[in-house]
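An overview of the molecular structure
Listed here are the chains, written in short residue letters.
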Amino acid sequence: MSGDVVIETQELTKTFGELVAVDNVSMTVPRGRIYGFLGPNGSGKSTTIRMLCGLLVPTAGEVSVLGVDVREDPEALRRRIGYMTQRFSHYEDLTVGENLQFMAEIYGIPRSARRTAVERQIERFGLGEGRDQLTGTMSGGQRQRLALAAVTQHEPDLLFLDEPTSAVDPESRREFWEFLFDLVDHGTTVLVTTHFMDEAERCHALAILDRGVLVADGAPKQLMADMLASVVEVEGENLRQVREVLIVNEAVIDVAQLGSRLHVLVDPREERSADFVAEAIDANGLSAESKLISPSLEDVFVMATLGRVGK
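The present account deals with the structure reproduced in this document. Not measured: the values here are computed from a predicted model. (Residues numbered from 1 in each chain as written. Predicted model: local features only at pLDDT ≥ 70, side-chain atom pairs only at ≥ 80, totals over all residues. Heavy atoms only, no water.)

Here Arg 145 is to be found in helix α5 (residues 140-152). Arg 145 sits in the buried class, given a relative accessible area of 13%. Considered as a pair, Arg 145 and Asn 238 are 93 residues apart in the sequence and their alpha carbons are 46 Å apart. The contact partners of Arg 145, leaving out residues within four places of it in the chain, are Phe 125, Gly 126, Leu 127, Glu 175 and Phe 179. A distance of 3.5 Å separates the side chain of Arg 145 from the side chain of Glu 175, its partner in a polar contact. (Helix = DSSP H or I, 4+ residues; strand = E, 2+ residues; numbered from the N terminus. Buried < 20%, exposed > 50% of the residue type's maximum accessible area, 1.4 Å probe, protein only. Contact = heavy atoms within 4.5 Å. Polar contact = N/O pair within 3.5 Å; in protein donor to acceptor, adjacent residues only side chain to side chain.)

So this is what it looks like as structure tokens:
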């Protein structure tokens, strides 16, 4: 493994009986980046992370994390990584300071260095006012910051985050991502799973999983450029009727309504996509304005799960 690579897998597979949860996933995660896992529920994101952490043994394939063969020596890895789940890692009947002190011990920080580590995290994550507050009385955003402080106080080389913002408000999510970029600036590589498209766009690179299969992999802008469809935006009246007209057309891949607009994915073989959509609408006695627009990451996600994004 190159020094610029922190995770490398070859045909990584995990089965549970007849269920194939992760299916021959091969990927490379470079150092000093935020790498996102995007996919619907049951797509294999969490299972993949647990294998990378050494919490699950792969059924087949090869996996190397920070130069360590996870199947051979998972214990050598665990003190070099942090792992935060969507159920925040803390004890509600302990204070902020007590939680951090306990986690410092769990991560093997020497007794002589624990106080310094705890104080550094309290300052870094703005937890000073709640130092003596019971965690169970804190807001979701505060608990999220505490959880991130706890799993990074041993300064891990690699941080795994499994849907860490699913239970917090948008302002807390934005603040959380600022903390992540600060961590990356200090040398930590981050692998994060998310359901939120705006978060996925913040990642340096993305892997999109569908039913255990890696269906797309690359930088968000590149994935948009590689998408095998044109995107046409439609505005007008009677959008439900317009959608019914378009969705049955063989050249139309998908139609989604976004408020007072339709997002239409059109087969790229239709070179005049906007005109094609306008003509299809007009031929059915309806009226609407159509224009070609740039794809969004949500469009990429839809197309990837249909196998229409280049890897």
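After that view, the rundown keeps rolling.
For the structure shown, the criterion picks out four aromatic pairs. Geometrically, the ring pair formed by Trp 177 and Phe 181 is tilted, given 6.2 Å between the ring centres and 50 degrees between the ring planes. Linking Trp 177 with Phe 181, this pair stays in helix α6 (residues 170-185), spanning four residues, or about one helical turn. On the accessibility criterion, Trp 177 (1% relative accessible area) is buried. Classification of Phe 181 as partly exposed rests on a relative accessible area of 24%. Over the ring of Phe 196 we find Arg 173; its NZ or CZ atom is 3.8 Å from the centre of that ring. (Phe/Tyr/Trp six-rings, centres within 6.5 Å; stacked < 30°, edge-to-face > 60°. Lys NZ or Arg CZ within 6 Å of the ring centre and 35° of its normal.)

Looking now at the sheet that holds strand β13 (residues 261-266). Sheet strands pair via backbone hydrogen bonds, and the direction of the pair is either parallel or antiparallel. Strand order across the open sheet formed by four strands is β12-β13-β11-β14, with antiparallel pairing between neighbours. The sheet is open, and its two borders are formed by β12 (252-258) and β14 (288-293), each paired with just one other strand. With direction set aside, neighbouring strand axes in the sheet form an average angle of 25 degrees. Two elements, β12 and β13, share six bridges in a ladder whose sense is antiparallel. Residue pairing in the sheet places Asp 254 in a bridge with Leu 265 of β13. Along the sheet face, helix α9 (residues 239-247) touches β11 (230-236), β12 and β13 and points at about 170 degrees away from the line of β12. Packing of helix α10 (residues 273-282) onto the sheet brings it into contact with β11, β12, β13 and β14, and relative to β14 it is tilted by some 160 degrees. (Pairing = 2+ DSSP bridges. Axes fitted to C-alpha atoms, helices over the stretch in contact; angles between N-to-C directions.)

Once that is clear, we can look at unusual backbone geometry. A positive phi angle, close to 55 degrees, is found at Leu 66, a residue other than glycine. Looking at the secondary structure, you find Leu 66 in the loop between β4 (60-65) and β5 (68-69). Accessibility expressed as a relative area gives 8% for Leu 66, which makes it buried. Backbone geometry places Asn 238, a non-glycine residue, at a positive phi of 55 degrees. With respect to the helices and strands, Asn 238 occurs in the loop between β11 and α9.

Attention now moves to the packing of α5 against α6. Two quantities define a packed helix pair, namely the angle between the axes and the distance from one axis to the other. Look at α5 against α6: their axes get within 10 Å of each other, and the N-to-C directions meet at 15 degrees. Between α5 and α6, the angle falls in the class roughly parallel. Crossing of α5 against α6: the hand is right-handed. Facing Gly 141, Gln 144, Arg 145, Leu 148 and Thr 152 of α5, the residues of α6 in contact are Ser 172, Glu 175, Phe 176, Phe 179, Leu 180 and Leu 183. Classifying every residue of the contact of α5 with α6 by side-chain character gives five nonpolar, four polar and two charged. (Parallel < 35°, antiparallel > 145°, perpendicular 65-115°, else oblique. Left-handed = near helix turned anticlockwise from the far one by under 90°. Nonpolar A, V, L, I, M, F, W, Y, C, P; charged D, E, K, R; others polar.)

Counting across every chain of the model gives zero disulfides. Not part of a disulfide, Cys 53 finds its nearest cysteine sulfur in Cys 203, a span of 17 Å. A residue is classified by how much of its surface remains accessible, and Cys 53, at 1% relative accessible area, is buried. (Disulfide = S-S within 2.5 Å.)

Right, let's talk about the pattern of salt bridges for a bit. Within this structure, the stated rule accounts for 13 salt bridges. Here Arg 173 and Asp 198 are joined by a salt bridge, their closest N and O atoms 2.6 Å apart. In this pair, Arg 173 is assigned in helix α6 and Asp 198 in helix α7 (residues 197-202), connecting sequence segments 25 residues apart. The class of Arg 173 is buried, set by a relative accessible area of 11%. (Salt bridge = Lys/Arg side-chain N within 4 Å of Asp/Glu carboxyl O.)

Okay, the sheet that holds strand β2 (residues 19-30) next. Strands sit in the order β2-β1-β4-β5 across an open sheet of four strands; the sheet is antiparallel. Looking at strand neighbours, the two that pair on one side only are β2 and β5, the edges of this open sheet. Sheet topology places strand β1 (residues 5-16) next to β2; eight bridges connect them, and they run antiparallel. The partner of Glu 8 across the bridge, within β2, is Thr 28.

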